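Listed here are the chains, written in short residue letters.
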Amino acid sequence: MPEKPEYSRVPIETIQKFGGEVPFDLFLRLSDDKLVRISNANDDLKELLSHYMEKGVKEIFALKDDYLKFLQMVNKELTTKFFKHDTSPEEKLEILQNSFNVLKASLIRGGVSKISVDLAMELAKKSGEFISKHMLTKEFFNKYKGNCCSEYIRSLFVGSVAVSMLDTLEWKSDTVKEHVMQALLLRDILLSPEDFVSIAQCREGPKNLPAEVYNHPKGTVELLTKDGCRDFSPDVLVMIECHHERPDNKGFPGRVNELSIPILPAMLIVAEEYIGHVIEASFSVDARKLALNALAGIYKKGNYRKAFEAIKIAI
Ligand SMILES: [Fe+2]
């Protein structure tokens, strides 16, 4: 006997949001085990829907597999769009407000455990409160958080990966994890959305960046240590100062030799690049494998190598 098909409820708002067209068949439930097809994939449903809504119908169904595949596709597109530089800030904000859970689910699909994601979010909240109250950083941080929401969320993603990586090491501690999150939230507070576009455009030749963008790691450390301020840990400062260094001459300002990079910045650089690849691969099923393969060719020596070994275990 053939297996009974499973159905999922499809919210009417979902159909309306897609302009009355969805790539799967829709059904109406007549009784507990009887459903009747009311439309075929890609029919224009506007009239049909208003007809059923007038009649008081509140629930419409689709075959479970079709609907899950559709949701996965929509979520992937939404997440990719959120991180694209040419998506307008208004659209990004709308995605963030309506679909934060979609973004979070994409990260978990990218290989990060839910525990690490939740911990990173908690640490980000704590670090964010500290940074947004500190005299030297509050103004810059609030502006950055408001104007660069996808970069802010990207930092939470990188933090989630980094927290997982730290868990593979013996010397992990809550303080170190908190420092990692502080560094991630502070590293780019001097930048604007246009600066991130410049960085993406000059990925192969960072020397072409405007001077203040090229020097923002150092500029941020100078801000955090202004007037002899010692409120930010040396760990945080070194992670910020080195956050654009790389072992392949594509980093900047390029002051740190491949073998001299300290372990914490190396962890963040590797985590950042992993997230970059996963976003580029649109959170596809093989994104993790593709990302790790790409990283293996770059991070081969010293602490970079240790960081790469940690991410292989963590993800
Ligand atoms: Fe930066």
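Residues numbered from 1 in each chain as written. Predicted model: local features only at pLDDT ≥ 70, side-chain atom pairs only at ≥ 80, totals over all residues.

Turning next to the overall build of the chain. When its secondary structure is counted, the chain shows 15 helices and four strands. Judged by the C-alpha coordinates and their principal axes, the chain covers about 70 × 45 × 35 Å. Here the chain holds 315 residues, and the buried ones make up 35% of them. Here the contacts in the chain between residues at least 6 apart in sequence split such that 71% fall between residues at least 24 apart. (Helix = DSSP H or I, 4+ residues; strand = E, 2+ residues; numbered from the N terminus. Buried ≥ 20, exposed ≤ 12 C-beta atoms within 10 Å, placed from the backbone. Contact = placed C-beta atoms within 7 Å.)

Formed by 65 residues in total, the largest nonpolar core has its most connected members in Leu268, Val270 and Ala271. Counting residues per element, this core draws most heavily on helix α13 (residues 263-280), which supplies 11 residues. For Val270, the contacting residues outside a window of four places in its chain are Leu295, Tyr299, Tyr304, Ala307, Phe308 and Ile311. Formed by 10 residues, the second largest nonpolar core is a distinct cluster that contains Val22, Leu26, Phe61 and Tyr67. (Core = buried A, V, L, I, M, F, W, Y, C linked by C-beta atoms within 7 Å.)

Taken as a whole, helix α11 (residues 216-224) has its buried residues at His216, Pro217, Thr220, Val221 and Leu224. In an axial view of α11, the angular spread of the buried residues amounts to 140 degrees, which keeps them on one side of the axis. Those residues of α11 hidden inside the fold are in contact with α8 (174-186), α10 (211-214) and α12 (234-241). (Arc of directions from axis to C-beta.)

Our next topic: unusual backbone geometry. The linkage connecting Phe252 with the following residue, Pro253, adopts the cis geometry, with an omega of -5 degrees. One can find Pro253 in the loop between α12 and α13. Phi angles above zero are rare outside glycine, and Asp227 is one such case at about 50 degrees. Structurally, the position occupied by Asp227 is in the loop between α11 and α12.

This part is about the environment of Leu191. Along the polypeptide, Leu191 turns up in the loop between α8 and α9 (193-201). For the pair formed by Leu191 and Asp66, sequence separation is 125 residues and the distance between their alpha carbons is 43 Å. Setting aside residues no more than four positions away along its own chain, Leu191 makes contact with Cys148, Phe196, Val213 and His216.

Our next topic: the packing of α11 against α12. At a minimum axis distance of 8 Å, the contact between α11 and α12 shows a crossing angle of 155 degrees. In terms of axis orientation, α11 runs roughly antiparallel to α12. Of the residues in α12, those touching α11 at Pro217, Lys218, Thr220, Val221 and Leu224 are Leu237, Ile240 and Glu241. Taken together, the residues of the contact of α11 with α12 break down into five nonpolar, one polar and two charged. (Axes fitted to C-alpha atoms, helices over the stretch in contact; angles between N-to-C directions. Parallel < 35°, antiparallel > 145°, perpendicular 65-115°, else oblique. Nonpolar A, V, L, I, M, F, W, Y, C, P; charged D, E, K, R; others polar.)

Both strand β2 (residues 26-31) and strand β3 (residues 34-39) contribute to a ladder of five bridges, which runs antiparallel. Paired with Ser31 across the two strands is Lys34, which belongs to β3. Count of turn residues in the β2/β3 antiparallel hairpin: two residues. (Pairing = 2+ DSSP bridges.)

Another aspect to go through is the packing of helix α5 (residues 114-133) against α8. As a packed pair, α5 and α8 sit with axes 9 Å apart at the nearest point and diverge in direction by 65 degrees. You can see that α5 and α8 cross each other, and the crossing is right-handed. Residue-level contacts link Ala120, Leu123, Ala124, Lys126, Ser127, Gly128 and Ile131 of α5 to Lys177, Glu178, Met181, Gln182, Leu185 and Leu186 of α8. Of the residues assigned to the contact of α5 with α8, the class counts are seven nonpolar, three polar and three charged. (Left-handed = near helix turned anticlockwise from the far one by under 90°.)

To continue, consider the confidence of the model for the chain. Here the chain shows a mean pLDDT of 90. Residues at 70 or above account for 99%. Within the chain, the element-level pLDDT minimum falls on helix α1 (residues 12-17), averaging 76, and the maximum on α12, averaging 98. (pLDDT = per-residue confidence, 0-100.)

Another aspect to go through is the environment of Met165. Within the secondary structure, Met165 is located in helix α7 (residues 149-166). The spatial distance from the C-alpha of Met165 to the C-alpha of Ala314 is 5.2 Å, given a sequence separation of 149 residues. Among all residues touching Met165, those that are not within four sequence positions of it are Met267, Ala271, Ala307, Ala310, Ile311 and Ala314.

Right, let's talk about the environment of Tyr274 for a bit. The residue Tyr274 is located in helix α13 in this model. On the basis of neighbour count, Tyr274 is assigned to the buried category, with 29 C-beta atoms found within 10 Å. On a C-alpha basis, the gap between Tyr274 and Phe308 in space is 9.8 Å, while along the polypeptide they are 34 residues apart. The contact partners of Tyr274, leaving out residues within four places of it in the chain, are Val161, Ala291, Leu295 and Ile311.

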